[in-house]
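Structure at a glance
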Amino acid sequence: MNYQQYYPIDVVNGVGTRCTLFVSGCEHFCAGCHNSSTWDPSKGHPYTEETEEQIIRDLGDTRVVRDGLSLSGGDPLFPNNLDSVLKLVKRVKTTYPDKDIWLWTGYTLEGLSDKQQQVVEFVDTLIDGKYEADKRDLTLAWRGSSNQRLINLTELRDEENYDL
Ligand code: SF4
């Protein structure tokens, strides 16, 4: 996996103070996408063991408490990204069970592959769906068009009969 940007302290991508990773690779090609430079999975910086270590360290930084990790892009659920992202989200939840994980994807929750679902099982808040320019809505928090959903998976999991 490659990534475009890593922000060790971020207050605009999710609730609270966060670490945010923008990965490379997206196959949705939404018209009007503001991040088209992230589409090519070969662009950006190599995501290495050291990158993962850095994120884990930053999340544990007691000088500036982070509420959690945000994963965006590009698409963290792009097929080539799944191994690295799954390893990361598992490690974050094992190391810091009280920190939350937000993930932005162009796929819809209902359309996820088995492997994408494995990642999402560790995610607390999912923003799903492609950006659709004709549904652009600047009043929405953390998403650009009204077809995109902000799904609180933690709440959903607590509901009876929920089976992702
Ligand atoms: S899913 Fe996101 S990054 Fe990918 S094309 Fe659509 S808006 Fe751009």
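This report concerns the structure included in the present document. What you see is a predicted model, and the numbers here were worked out from it, not measured in a lab.

To continue, consider the site of the ligand. Surveying the vicinity of the ligand reveals the residues Cys26, His28, Phe29, Cys30, Cys33, Trp39, Gly74, Gly106 and Tyr131. In the shell around the ligand, the residues fall into six nonpolar, three polar and no charged.

According to the stated counting rule, one finds 14 salt bridges in the structure shown. The salt bridge involving Lys87 is made with Glu52; its shortest N-O contact spans 3.1 Å. Remark: Glu52 occurs in helix α1 (residues 49-59) and Lys87 occurs in helix α2 (residues 82-95); sequence separation between them is 35 residues. On the basis of relative accessibility, which here comes to 37%, the residue Lys87 falls in the partly exposed class.

Residues Leu21 and Leu71 are the most contacted members of the largest nonpolar core, which totals 30 residues. Of all the elements in the fold, those that place two or more residues in this core are β1 (2-10), β2 (18-23), α1, β4 (68-72), α2, β5 (100-104) and α3 (114-120). Per element, the largest residue contribution to this core is six residues, and it comes from α2.

It is worth spelling out α2 at this point. The end-to-end C-alpha distance of α2 is 20 Å, a good match for the 20 Å that 14 residues give at a rise of 1.5 Å each. Buried positions along α2 lie against β2, α1, β4, β5 and α3.

About the criteria used
- Residues numbered from 1 in each chain as written.
- Predicted model: local features only at pLDDT ≥ 70, side-chain atom pairs only at ≥ 80, totals over all residues.
- Heavy atoms only, no water.
- Near = heavy atom within 4 Å.
- Nonpolar A, V, L, I, M, F, W, Y, C, P; charged D, E, K, R; others polar.
- Salt bridge = Lys/Arg side-chain N within 4 Å of Asp/Glu carboxyl O.
- Helix = DSSP H or I, 4+ residues; strand = E, 2+ residues; numbered from the N terminus.
- Buried < 20%, exposed > 50% of the residue type's maximum accessible area, 1.4 Å probe, protein only.
- Core = buried A, V, L, I, M, F, W, Y, C linked by side-chain atoms within 4.5 Å.
- Expected span 1.5 Å × (residues − 1).
- Contact = heavy atoms within 4.5 Å.

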